[in-house]
Amino acid sequence: MSKTKPYIIPKQLVMQAYQLVKANKGSAGGDQQSLEDFDKDLKDNLYKIWNRMSSGTYFPPAVKAVPIPKKSGGERILGIPTVSDRIAQMVVKLTFEPLVEPCFLSDSYGYRPNKSAIDAVGVTRQRCWEYDWVLEFDIKGLFDNIDHELLMKAVRKHTDIKWVILYIERWLKAPMQMADGALIQRTKGTPQGGLVSPVLSNLFLHYVFDVWMGKHHHGKPWCRYADDGLVHCKTEQEAQQLFVSLKQRFEMCGLELHPEKTKIIYCKDGKRKTQYPTTQFTFLGYDFRARASCNSKTNEVFQGFSPAVSKSAQISMRSHIRASGIRNRSDLSLQAIANMYNPILRGWINYYGCYQRSALESVMLCFNKVLKAWAMRKYKKLRGRKTMASLFILKIQKENPQLFSHWSHGLGLGFA
């Protein structure tokens, strides 16, 4: 081994990391260097990363703190690393993730290859039919409160690669740079926004929750997506006992259950008759509650406990549509609007339309109304004439039903 290069890190790995970071895009960090700026001297910039990481002299710069509004109110702090630091983190992620990923359990869905939020929704749907009770839990400020000592113990359990351990430790301790330039030192947590943070948080919760559940609450199926999770129970008493036990477990590991978002739910449907104050919950953008369902074999209508797009997600999508400014873009053709907005509509339908697709109707009608407003602004003969504008959009629907993604999926038809 070279004295000047104590760590063997292939240059090809750094190039692969760069390509992945470039594909993910992302904004500049605290040094204000964008990906475009980095590319201007690409060869030299990549060499510097490789050289410093290989020699053990790479020290992560401060992470830029960016406040992001929460849907539930308030803000969360997102940590934006520099472009160079994102590439360095990707080098470690590409090396470390394959070592821990095979150890993770099948009911952990967040930030994992070949697993998705919709997979978690599907398995939850099935289990709600089989179990009457659910304990829904949310970890308060997971990324801000991960215990460094416990996390590094878990990291060392899965790898003895010295440079991987070294740089993970350094990233955990890298300060946060606030908007006013102040540097905040960190003694716990891992920045939400860092490329290694998701796999590190999953590793931490693998031992804090996933493995612990198997040892102490075997037989209670659970599903976790990052810091949001559900545990299914047969009785209310079982759920209450688990609540107490889980609260103690998280406190032992330096974490806290969110007092408002952690609750027990009774999966009430047409056959379950127990009276309980909480009979629905929201998980990964879906509202789970009793709703009319139809038996595909007998056509019998019954009250089933099932998911559909949540009210909060619908509000968010409608707000997005209104804020898009499409109604004012009289410079655009309808085809141009379709080209611009179809990827967004398609994404919503592919995710929120997996279960009870008809629940998306109000969102798609909102989009149609925006198209109607666009038509009234673009064409003089339609100005102030809502009925004529509606007929104009309806005519286009009939003549070109594939123009917009929601029309081609049978949503928002017959109305504008």
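In what follows, the structure referred to is the one given above.
Residues numbered from 1 in each chain as written. Predicted model: local features only at pLDDT ≥ 70, side-chain atom pairs only at ≥ 80, totals over all residues. Heavy atoms only, no water.

Before we move on, can you summarise the sheet that holds strand β3 (residues 133-138) with the specific residues and values?
In spatial order, the strands read β6-β7-β3-β8; together these 4 strands make up an open sheet with antiparallel pairing. Each end of this open sheet is capped by a strand with a single partner; those strands are β6 (222-225) and β8 (263-266). Averaged over all pairs of adjacent strands, the angle between their axes in this sheet comes to 20 degrees, without regard to strand direction. Pairing geometry for β3 and strand β7 (residues 228-233), over 6 bridges, is antiparallel. Looking at the pairing, V134 lines up with H232 of β7. Those strands touched by helix α9 (residues 197-216) are β3, β6 and β7, and its axis lies near 170 degrees from that of β6. Against the sheet, helix α10 (residues 236-252) touches β3, β7 and β8, its axis set at about 20 degrees to β3. (Pairing = 2+ DSSP bridges. Helix = DSSP H or I, 4+ residues; strand = E, 2+ residues; numbered from the N terminus. Axes fitted to C-alpha atoms, helices over the stretch in contact; angles between N-to-C directions. Contact = heavy atoms within 4.5 Å.)

Lay out empty space enclosed by the protein in plain terms, naming residues and giving numbers.
This model, assessed by the stated rule, comprises 1 cavity of 30 Å³ or more. Estimates place the volume of the largest cavity at around 70 Å³. Around the largest cavity, the lining residues are V63, G79, P81, D85, Q89, W171, T190, P191, G194, V196 and S197. Here the lining of the largest cavity is composed, by residue class, of 5 nonpolar, 5 polar and 1 charged. (1 Å grid on protein atoms, 1.4 Å probe; cavity = no way out; pocket = protein on both sides within 12 Å on 5 of 7 lines; lining within 4 Å. Points joined across faces, edges and corners; volume = space filled by probe spheres on them. Nonpolar A, V, L, I, M, F, W, Y, C, P; charged D, E, K, R; others polar.)

Help me get a handle on the layout of surface pockets, residues and values and all.
Taken as a whole, the second largest pocket holds about 390 Å³ of empty space. Forming the walls of the second largest pocket are 16 residues, and the residues nearest its centre are W129, S293, F302, G304 and F305. Mapped by element, the contributors of at least two residues to the lining of the second largest pocket are α5 (117-130), β10 (286-294) and β11 (301-309). Per-element tally for the lining of the second largest pocket: the top contributor is β11, with 6 residues.

Account for the nonpolar core, naming residues and giving values.
Here is a general trend for soluble globular proteins: nonpolar side chains tend to be buried in one another's company. Membership of the largest hydrophobic core comes to 64 residues, with the highest contact counts inside it found for M53, I87, V92, F96, W163 and F250. Sort the elements by how many residues they give to this core and α9 lands first, with 9 residues. Of all hydrophobic cores here, the second largest spans 49 residues; its members include Y109, I265, W374 and W407. (Core = buried A, V, L, I, M, F, W, Y, C linked by side-chain atoms within 4.5 Å. Buried < 20%, exposed > 50% of the residue type's maximum accessible area, 1.4 Å probe, protein only.)

Hey, could you go over the environment of S405 for me, with residue numbers and the actual values?
Note on placement: S405 falls in helix α15 (residues 405-408). Sequence separation between S405 and P343 is 62 residues, and the spatial gap between their C-alpha atoms is 8.2 Å. Once residues within four sequence positions are removed from consideration, S405 is found in contact with N342, L345, R346 and I349.

Before we move on, can you summarise unusual backbone geometry with the specific residues and values?
In the Ramachandran plot, K25 falls in the positive-phi region, its phi being about 60 degrees despite a non-glycine side chain. The class for K25 is exposed, based on a relative accessible area of 62%.

Tell me what's going on with the pattern of salt bridges, and back it up with residues and numbers.
Enumeration over the complete set of coordinates arrives at 13 salt bridges. Between R272 and D269 there is a salt bridge, with the nearest N and O atoms lying 3.9 Å from each other. Residue R272 is classed as buried on the basis of its relative accessible area, which comes to 9%. Between D331 and R329 there is a salt bridge; the shortest N-O distance is 2.9 Å. The class of D331 is exposed, set by a relative accessible area of 54%. On the basis of relative accessibility, which here comes to 32%, the residue R329 falls in the partly exposed class. Sharing partners across several salt bridges, the network here consists of D132, D269 and R272. (Salt bridge = Lys/Arg side-chain N within 4 Å of Asp/Glu carboxyl O.)

So what's going on with the packing of aromatic side chains? Residues and values would help.
For any pair of aromatic rings, the description consists of the separation of the ring centres together with the inter-plane angle of the planes. According to the stated counting rule, one finds 23 aromatic pairs in the structure shown. When the ring of F209 is compared with that of W222, the centres are 5.3 Å apart and the planes differ by 80 degrees; the resulting orientation is edge-to-face. With F209 in helix α9 and W222 in strand β6, the pair connects residues that are 13 residues apart, well separated along the chain. We note that F209, like W222, is buried. A network of ring pairs unites the aromatic residues Y341, W348, F367, F404 and W407 as a single cluster. (Phe/Tyr/Trp six-rings, centres within 6.5 Å; stacked < 30°, edge-to-face > 60°.)

Could you give an account of the environment of A226, naming the residues involved and the relevant values?
Locating A226 in the fold gives a position in the loop between β6 and β7. The spacing of A226 and S312 is 86 residues in sequence and 20 Å in space, taken between C-alpha atoms.

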